[in-house]
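Observations on chain architecture
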Amino acid sequence: MKLKALRKELIDVAQGRRHADLFIKGGTVINVYSGEFLQQNVAVYQDSIAYVGESEASIGANTNVIDASGKYVSPGFIEAHAHPWVFYNPVSITEKVLPLGTTTTVNDNLFFYLHMGAAGFKEMLADLRQLPGNFLWLVRLVSQADYPGERDWFNQEDVQDLLKIDDVVGTAEVTRWPLLYKGDPFLIDTMDVVKEIGKVADGHTAGCSYEKLNSIVAAGVSACHEAITSQEALDRLRLGMWTTLRNSSLRPDLAEISKLITEGHVNTSRILMTTDGPHPSFIEKEGFVDGLIRQAVELGVPVMTAIQMVTINAAAYLRLDDYIGGISPGRCADILILPDLIHFQPDVVISAGKIAAEQGKLKVSLPDINWGKYAAREPFAFSKDVLEDPDLYRYPHPLEDQPIPVVYFRSNVITQRKDTELPSVNGFADLSRHEGLVQAALIDRNGEWMAKGILERFAVDLDGMASTYNTTTELLVVGRNPEAMAKAATRAHEIGGGIVIVDGDEIVLEIPLPLTGMMTTDPSFNAAAAFHDQLLSAVQERGFPFHDILYTLLFLTCDFLPGLRLVPYGLYDVKKDAILLEPTAISKMTAR
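Computed from a predicted structure; not experimentally measured.

1. Structural notes on the packing of aromatic side chains
- Within this structure, the stated rule accounts for 17 aromatic pairs.
- Feature note: the residues F112, F121, F135 and W137 constitute an aromatic cluster, connected by ring pairs.
- One residue, R270, lies across the ring of W242, its end atom 4.3 Å from the ring centre.
- When the ring centre of F380 is taken as reference, the NZ or CZ atom of R445 above it lies at 5.1 Å.

2. Some words on the pairing of strand 19 (residues 415-420)
- Relative to strand 19, strand 18 (residues 404-409) runs antiparallel, the two being bridged by six bridges. Bridge pairing in strand 19 links V406 to K418.
- Connecting strand 18 to the next strand, strand 19, in antiparallel fashion are five residues.

3. Some remarks on the environment of T472
- Relative to the helices and strands, T472 resides in the loop between strand 24 (464-467) and strand 25 (475-479).
- Sequence spacing of T472 and R176 is 296 residues, and the spatial spacing of their C-alpha atoms is 14 Å.
- Setting aside residues no more than four positions away along its own chain, T472 makes contact with A145, L442, T557 and P568.
- For T472, the side chain forms a polar contact with the side chain of N470, separated by 2.5 Å.
- Of the polar contacts made by the side chain of T472, one reaches the backbone nitrogen of E474; its length is 3.1 Å.

4. Considerations on the pattern of salt bridges
- Counted under the stated rule, the structure contains 34 salt bridges.
- Linking R491 and E510 is a salt bridge whose minimum nitrogen-to-oxygen distance equals 2.7 Å. With a gap of 19 residues between them, R491 in helix 16 (residues 482-494) and E510 in strand 27 (residues 506-512) connect regions that are remote in the sequence.
- Since its relative accessible area comes to 25%, R491 is described here as partly exposed.

5. Things to note about the sheet that holds strand 29 (residues 570-573)
- The three strands are arranged 28-29-30 in an open sheet whose pairing can be described as antiparallel. Every other strand in the sheet has two partners, leaving strand 28 (564-567) and strand 30 (578-581) as the edge strands with one partner each. Strand-to-strand twist of the sheet, defined as the mean angle between neighbouring strand axes without regard to direction, takes the value 40 degrees.

6. Thoughts on the UniProt feature "domain: Amidohydrolase-related" (unreviewed entry) in the chain
- When the UniProt feature table is mapped onto this chain, "domain: Amidohydrolase-related" (unreviewed entry) is found at residues 72-354.
- Along residues 72-354 the backbone is 39% helical and 17% strand, and the end-to-end C-alpha distance reaches 18 Å.

7. Quick notes on the nonpolar core
- Counting 143 residues, the largest nonpolar core has F87, F458, Y469 and L535 as the members making the most contacts within it.
- Broken down by element, this core gets its largest block of residues, eleven residues, from helix 3 (residues 110-128).
- Counting contributing residues, this core receives three or more from each of domain 1 (74-373) and domain 2 (384-588).
- For Y469, the contacting residues outside a window of four places in its chain are W85, V86, F87, G498, I499, L513, G517, M518, L550, L553 and L554.
- Counting residues in hydrophobic clusters, the runner-up holds 21 residues, among them A466, A489, I495 and I586.

8. A short note on the environment of T104
- Position of T104 relative to the elements: it lies in strand 7 (residues 102-108).
- Relative accessible area serves as the criterion here: at 1%, T104 is assigned to the buried category.
- Each C-alpha atom, one on T104 and one on T171, is 17 Å from the other, the two residues being 67 residues apart in sequence.

9. Some points on the sheet that holds strand 7
- The five strands lie next to each other as 6-7-8-9-10, forming an open sheet whose pairing is parallel. At either end of the open sheet lies a strand with only one pairing partner, and these are strand 6 (77-82) and strand 10 (200-201).
- Summarising the sheet, strand 8 (residues 134-139) and strand 9 (residues 168-171) pair through three bridges and their orientation is parallel. The partner of V139 across the bridge, within strand 9, is T171.

10. What about the packing of helix 3 against helix 5 (residues 156-163)?
- At a closest axis distance of 10 Å, the pairing of helix 3 and helix 5 adopts a crossing angle of 60 degrees. Here helix 5 runs oblique to helix 3, going by the angle between their axes. Along this stretch, helix 3 crosses helix 5, giving a crossing that reads as left-handed. Every residue of helix 5 that contacts helix 3 at Y113, A118, F121 and K122 is listed here: D158, D161 and L162.
- In terms of residue class, the contact of helix 3 with helix 5 is made up of four nonpolar, no polar and three charged.

11. A few points about the layout of surface pockets
- In this structure, the largest pocket occupies an estimated 1,400 Å³ of space.
- Contributing to the lining of the largest pocket are 49 residues, with D559, F560, L561, P562 and V574 lying nearest its centre.
- Contributing elements (two or more residues each) for the lining of the largest pocket: helix 6 (178-181) and helix 18 (549-556).
- Residues of the lining of the largest pocket, tallied by class, amount to 23 nonpolar, twelve polar and 14 charged.
- Shared between two domains, the lining of the largest pocket holds at least three residues of each, these being domain 1 (74-373) and domain 2 (384-588).
- Its boundaries defined by the atoms lining it, the second largest pocket holds a volume of some 780 Å³.
- Lining the second largest pocket are 29 residues, with R129, L131, G133, N134 and A352 positioned closest to its centre.
- Sorting the residues of the lining of the second largest pocket by element identifies helix 3, strand 8 and strand 16 (354-358) as the ones contributing at least two each.
- If one sorts the elements of the lining of the second largest pocket by residue count, strand 8 sits on top with four residues.
- Looking at the lining of the second largest pocket, its residues break down into 15 nonpolar, six polar and eight charged.

Calculation notes
- Residues numbered from 1 in each chain as written.
- Predicted model: local features only at pLDDT ≥ 70, side-chain atom pairs only at ≥ 80, totals over all residues.
- Heavy atoms only, no water.
- Phe/Tyr/Trp six-rings, centres within 6.5 Å; stacked < 30°, edge-to-face > 60°.
- Lys NZ or Arg CZ within 6 Å of the ring centre and 35° of its normal.
- Pairing = 2+ DSSP bridges.
- Helix = DSSP H or I, 4+ residues; strand = E, 2+ residues; numbered from the N terminus.
- Contact = heavy atoms within 4.5 Å.
- Polar contact = N/O pair within 3.5 Å; in protein donor to acceptor, adjacent residues only side chain to side chain.
- Salt bridge = Lys/Arg side-chain N within 4 Å of Asp/Glu carboxyl O.
- Buried < 20%, exposed > 50% of the residue type's maximum accessible area, 1.4 Å probe, protein only.
- Axes fitted to C-alpha atoms, helices over the stretch in contact; angles between N-to-C directions.
- UniProt positions renumbered as here; feature names shortened; annotations may be inferred.
- Core = buried A, V, L, I, M, F, W, Y, C linked by side-chain atoms within 4.5 Å.
- Domains from an automatic or database assignment.
- Parallel < 35°, antiparallel > 145°, perpendicular 65-115°, else oblique.
- Left-handed = near helix turned anticlockwise from the far one by under 90°.
- Nonpolar A, V, L, I, M, F, W, Y, C, P; charged D, E, K, R; others polar.
- 1 Å grid on protein atoms, 1.4 Å probe; cavity = no way out; pocket = protein on both sides within 12 Å on 5 of 7 lines; lining within 4 Å.
- Points joined across faces, edges and corners; volume = space filled by probe spheres on them.

Shown next as structure tokens:
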């Protein structure tokens, strides 16, 4: 990070020879370095803090003085593991969370890179520097589901080029952590580069035992947010990982994993917190990083500790504690004025020395981004006519005496194999007498292949739904009525990506997601939240039994969580590492 204020100018302000631009007077400074609450003033010059103490010598005629008497002066909050693509986009999420006190977000680039490539992503990154706050990035090394050509797209030259950019603070989570465990040469070589240039390597080790964690840490991974019990969190901490306690829409686990602190009484200097890309309505209800602090304190975590975990600890993990994370001379002036230490919602948000929000309202402008100019790939590379044949969505079942491996949903994202006997009609599985089963097809955006499966306990009354919102961003089509599935798929193609639900012959919900097939381009966070609520309501009315439809859609097509998955290589049994049904060439199906 590079700050505008010169060190000589800051010295002059600290000594009263130059006037401060902004002066926060009479508040209680939350000193995250010493763990103290101190009655002090804070002088700001340009984008930097120049002075912290009792003097008022830097106040001049043009200094903006903020009276913080009776209030608390906190460093801006840091979200060190963000996913700015859960219907919302980088602009709309900033609109929402900056007024809540999050002045720094560190963001996963996965879907931007998948659709933009290195050149488009770099161009977008340059334009997003206009955003208020610190919008930093982590770069993916692999996708969340292997696909033909993945290693060409995620190539060493492009990835290492991105890692050299100042806004990029390291590598993003490798969700397919067994690749690291097995010593994948590309990943290990990249880890060496990351260490050489002094950046971080974020991690994802869901389900990884303590013994296997040793190998992941040896591979170079710096942090992990996937602990779901206090013991798992302790395992990570003991092995030297920066241990991130998560509370998200999919995994609201803070009540359990915070016991690491409230009952374990461990050293907390390497413990962070994250919301891990929650759906929009979760943020509306629970807040963002402010909500993490609020809940942690309610659970018994000391106030100072809770604030340290999302300020100085996060900054130290990111190797940016010389710039952000605390109220100290020479640091970026990311400062919050908190009315109390109960709600942790700021009256005033100061970002880089400027008042960015007051009383929950944004006071700075957001950039107008032309998202379409970055794309390196078309939404679909084939005609929508291909999608109109209902037989395209039926599950092949020529031999009735052989059971079909059904994808049974145990929870939002965990599935298991359930072999089921189904009748065969005209070479396809007949689901008409089996309530609770729906067909699913993952269709290549280039129109070359499609993978098929049958789902149970997804949404029993769903006629047809098509979604590009999934970890592959291919077209996922689900339903019990092939005609309705065809109509939903065709409409999703027409709108250039998004989610469409069809009842019978009627389109009942349409959510355009033109940005990588995952995000609305609307700059308003409210638009993303409204879309989410409409979708969740629609699928729950049609029998969806869980609480987080976006992550169900996202992870059905990944290849690293337990159970059966629908991936570009077919119907995949993760535990056995076996393809149960290979994808079909679409040209062969449409040629009938």
